[in-house]
Amino acid sequence: MTHRSGLSRRSVLLAGAGASLTVASPFVQLRSARAQNREIVVASWGGSRTTAMREVMFAPFEKATGIRVRDDGPPEAAKVKAMVESGNVTWDILDTDIPAILAMVNAKLLDPIDYAKIDQAKLAKIPSVLHHPYGLGHLIYSFNIVYNTKTFPNGTQPRTWADVWDGVRFKGARSFPFRGGLSPQLEFAAIADGVSIDKVYPLDIERSWTSMDKLRPLVTKWYANHAEAIQLLSTGEIDICCTIGPRGLVAKKEGAPIDVEFAGGKLAPENWAIVKGSRNSEAIHQFLNFVIDGKVQAELAKRIPYGPSSQDAFAHLSEAEAKQLNTSPENLAKQFWTDIEWWGKVTENGKTHNENQIERYARWMVKRG
Amino acid sequence: MTALAVSGAIAAPAGRAWRARPGLMVVGALIFCAIVYLGPMLSLIGWAFRDPQTGWSLTQLWRVVGDDAYQLAFLTTFRISATTTLVCIVIGYPYAYLMATSSPRLAALLVAAVMIPFWTSVLARSLAWMILLGRKGIINEWLVAAGVIERPVALLFNGIGVQIGMVHVLLPFMVLPIWAVLSRLDASLPRAARSLGASPARAFLHVTLPLSLPGLAAGATLVFMLAIGFYITPALLGGPNDLTIASLIEMEVRDLLDWPFGAMLSLVLLALVAAVFALGAIFAGARRIAGVEER
C-alpha cells in the first residue's frame, strides 16, 4: 500500500499492457483453435435444447475428440446472410429447419454436407428423406393437433384434420401459425378436404387454399410464435391449435392441460447444416458422426421430447418413452413427412413453392376478412 | 473496424486543434452520426434501388405500389395509427390539462402514473394485456360475474385489443408535449377572459385551447409516427385484419431474405412518415416535434 505513490508511470503502463494481453489472449487462442480444427461453433436455439445438447452431445464429443464445441445462436438465416456477405463467418454448424435451409441454399449461404465422410452404418438408420444435400436431419419436430384437455376431456378431442375444420361438431377457438418463416399449413387443408396422407404431394395448391378459406372463420388467433401458441392453449384462450406437437408435450410434462394427437401430423426435421466458407470440414464431419449416433440421440430424446431421426435410438428407449415421441415406429406410421423437394422446387416465376406460398399467405391474410 | 480506424485517424489532429477551435469537438459526434445513421440509410436506399442486371431500377418500387395487398397493409397501418392518435388525444388532453392545473402533489402523482408504465418493456405490457383481455381474462371474468355481460366478449385478437395496447404504450407521448405547453401557459390569460365575462367553457375554447395547439400537434405527430412503425403490439393483440406493414417488412427481411423488397417497403413507409412529419411541422414547428424546445 505504501508503495502505491511510488509507482512510476512506466510500470503502470506496463501493467496495463500486461492486463490487456491477458484479456486478449483467450480470444487469440479461440481464433487459432478454430482455424486448426480444434474448435467448432454450433449455432442452435438456446434454452433447454442447447442445455440438453451440451450435456449429451457437446461435452461427450469434447471429451472423446479434444475438439471444443462452442454454442451460439439463434441460427437465423438473416444472421448467416450478414456473416457470409461480410466475410466474417464465426459459425460452423447450424441447427435449423428446412425452410431456413432452402432460403439459405438459394442465397448461397451453405456448404453441402460431404456424405462420403458420414458413417454409413449410422446413416442407414436415418430415413433417407432426411439426407438432404445441405442438411442432415437429426431431431424431428411435427405439426400436430394440440388441444386443451379441459375443453376436450376423455378422448373427445378432434382426431383428424377434418375434425379441426368442422366447427359444428367440435366447438372451440382454433389457432394456426402465421409468419416465423413458416409456410402455410396447406397439407392439412388438403387432408381436411379429403386427400389421404400418403397422397398429399404434389400439393394441389388451389384446392388447399379453397379449404383454407373454410378454416379461416374458425381461427381466433393466427399466432406469431410457438411459445405464444402453447401459452394460449394452457390458459384456455384457445381450444385447438395446429402447432409443434413436441412443444405441447413439454407443456403437458409441466402440468398444463394440454395433449397431442399425432394422427395426421406433419413431420419435419431440424437439421445439421454447414455454413459456407467454414474451414473446419474435418472437425465438422467428426462432430456430425458423433451426434447422429442412435444412443446419443436417445439420450437427447429423454431430455427434450423431439423425435430422434435415427431409428436405432428406439433400441435405447423404453416403450413408454417411445410412445411420446413423434418418430416412434407406431407414431411414424400415422404421420407424413414434409416434402422438402416439393417445397424447395423452383417454379415458373423463379421462386420456390415455399417462397411463393409464404407470400401468398401474407396476401391472403391481408386481403380476406 | 472501419469505424474505429476512421475515428482514430481523425482524433489525432483534432486533439491538437480543438483548443484553438472548439467547434471541432462536434466532429466526433458528426462522424458517429454519419456511421450510425447515414451509412445504414444509404445502404437501405442502395438495397431498394440496386439491380444486379441494369445497375439501378425502380422494380421494387413498382412491386410495392402495384400490389393491392401491400396497399391494403399500408391502409391498415394508417387506420390503426390514426385511431390510436385520436384516442390518445381524447384521453391525453384532459389528462394533461389536469396535470397542468392541479396542485404540485397531485401533479407529481399524475406524472408518475404516466411515466412508470412508460419505463416497462412494450413486450411485457402487451403480454400483460393478453392476460387481462382474454376470453378467460380478468376483465371478462369480472364483467360476467357482475352480470354486465352474459358471455365473454372478444377484447383480444381484434381491433379493440390493438387499440387498447397501443394507446397504453403511446399515451405518454401525447400527454407530455401537451402538458409542457399547458404548464407554461400564462394563467392570467384565461383569467382575463373570465374577468371580461367569458364562461369557463368559452375561456377554454377561445384562449387555452388555441394556445395549446402546438403541444397537441406535437403530441399527435409523435404518436402517429410511432404508431406507424409499431410491430409487437398489433402482432400479439391483433387479428388478421390488423396486419401492419411492419410485420410484412419483417417477413421479407427475416424469412424470405428478400432484402431489396424489404428495403423498398421500409423506404415507402419512411416517405409516408416523413410526409406526416412535414404536415406536423407546418402546424407545430419541427423543433418541438423533434423535442427541441423553442423559446
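About the criteria used
Residues numbered from 1 in each chain as written. Chains lettered and ligands numbered in written order. Predicted model: local features only at pLDDT ≥ 70, side-chain atom pairs only at ≥ 80, totals over all residues. Heavy atoms only, no water. pLDDT = per-residue confidence, 0-100. Contact = heavy atoms within 4.5 Å. Helix = DSSP H or I, 4+ residues; strand = E, 2+ residues; numbered from the N terminus. Buried < 20%, exposed > 50% of the residue type's maximum accessible area, 1.4 Å probe, protein only. Pairing = 2+ DSSP bridges. Buried area = accessible area lost by both parts, 1.4 Å probe. Salt bridge = Lys/Arg side-chain N within 4 Å of Asp/Glu carboxyl O. Polar contact = N/O pair within 3.5 Å; in protein donor to acceptor, adjacent residues only side chain to side chain. Nonpolar A, V, L, I, M, F, W, Y, C, P; charged D, E, K, R; others polar. Axes fitted to C-alpha atoms, helices over the stretch in contact; angles between N-to-C directions. Parallel < 35°, antiparallel > 145°, perpendicular 65-115°, else oblique. Left-handed = near helix turned anticlockwise from the far one by under 90°.

Trainee: Can you help me understand the confidence of the model for chain B in this one?
Mentor: Interpretation of this model should avoid reading the predicted coordinates in detail wherever pLDDT is low. All names here are of chain B. When pLDDT is averaged along chain B, the result is 85; 89% of the residues meet or exceed 70. Taken together, the stretch residues 1-11 has pLDDT below 50 and engages in four contacts with residues farther than four places along the chain or on a different chain. Confidence estimates for the predicted assembly give a pTM of 0.76 and an ipTM of 0.70.

Trainee: What exactly am I supposed to notice about unusual backbone geometry here?
Mentor: A cis amide bond links Gly73(A) with the next residue in sequence, Pro74(A), at an omega value of -5°. Mapped onto the elements, Pro74(A) comes out in the loop between strand E2 (68-72) and helix H3 (77-86). Note the cis peptide between Tyr201(A) and Pro202(A), where omega equals -10°. For Phe157(B), which is not glycine, the phi torsion reads 60° and is therefore positive. Looking at the secondary structure, you find Phe157(B) in the loop between helix H7 (138-145) and helix H8 (159-184). Among the residues examined, Phe157(B) registers a relative accessible area of 7% and is labelled buried.

Trainee: Looking at this structure, how should I read the pairing of strand E9 (residues 240-244) of chain A?
Mentor: Look at any regular strand and the pattern is simple: side chains alternate between the two faces of the sheet. All names here are of chain A. Burial of E9 is extensive: five of the five residues sit out of reach of the surface. Bridging between strand E6 (residues 135-148) and E9 involves five bridges; their strand directions are antiparallel. When the bridges of E9 are listed, Phe143 appears paired with Ile244.

Trainee: Which parts of the structure should I look at to understand the environment of Ala362(A)?
Mentor: Counting through the fold element by element, Ala362(A) comes out in helix H16 (residues 353-367). Setting aside chain neighbours within four positions, we find Ala362(A) in contact with Phe178(A), Leu243(B), Leu248(B) and Met251(B).

Trainee: What's the story with the interface of chain A and chain B in this structure? I'm lost.
Mentor: A common way to report how large an interface is uses the accessible area buried once the components associate. In this complex, chain A contributes 36 residues to the contact, which on the side of chain B involves 32 residues. When chain A packs against chain B, the two sides together hide about 2,800 Å² of surface, and 60% of this comes from carbon and sulfur. In terms of surface lost to chain B, no three residues of chain A exceed Arg179(A), Glu237(A) and Val366(A), which account for 22% of the buried area on that side. Taken together, the links from chain A to chain B amount to three salt bridges. At the boundary of chain A and chain B, one finds eight residue pairs in polar contact (both at pLDDT 80 or more). Per-element accounting of the side of chain A that touches chain B gives the leading share, eight residues, to H16(A). A breakdown of the residues in the side of chain A that touches chain B according to their chemical character gives 15 nonpolar, six polar and 15 charged.

Trainee: Would you mind showing me how to read the pattern of salt bridges here?
Mentor: If charged atoms from side chains of opposite charge come close, those side chains can pair. Residues and elements named next belong to chain A. Overall, the coordinates contain 27 salt bridges over all chains when judged by the stated rule. Its salt-bridge partner being Arg54, residue Glu62 comes within 3.4 Å of it at the nearest N-O pair. Lys199 is the salt-bridge partner of Asp198, the closest N and O atoms lying 3.9 Å from each other. Assigned by exposure class, Asp198 and Lys199 land together as exposed. Salt bridges linked by common partners bring Glu55, Glu299, Lys302 and Arg303 together as one network.

Trainee: Help me understand the confidence of the model for chain A in this model?
Mentor: Within chain A, residue pLDDT values average 88, and 89% of them lie at 70 or more. Segment residues 1-29 of chain A is flagged for pLDDT under 50; beyond a separation of four residues in sequence, or across chains, it makes one contact in the model.

Trainee: Would you explain the packing of helix H5 (residues 104-118) of chain B against H8(B) in this entry?
Mentor: In a packed pair of helices, the relevant descriptors are the angle between the two axes and the axis-to-axis distance. Residue and element names in this part refer to chain B. Viewed as axis vectors pointing N to C, H5 and H8 meet at an angle of 135°, and their least axial separation amounts to 9 Å. Classed by the angle they form, the pair H5 and H8 counts as oblique. For the crossing formed where H5 meets H8, the hand is left-handed. Touching Val111, Val114, Met115, Pro117 and Phe118 of H5 are His168, Pro172, Phe173, Val175, Leu176 and Trp179, all from H8. Residues that form the contact of H5 with H8 fall into these classes: ten nonpolar, one polar and no charged.

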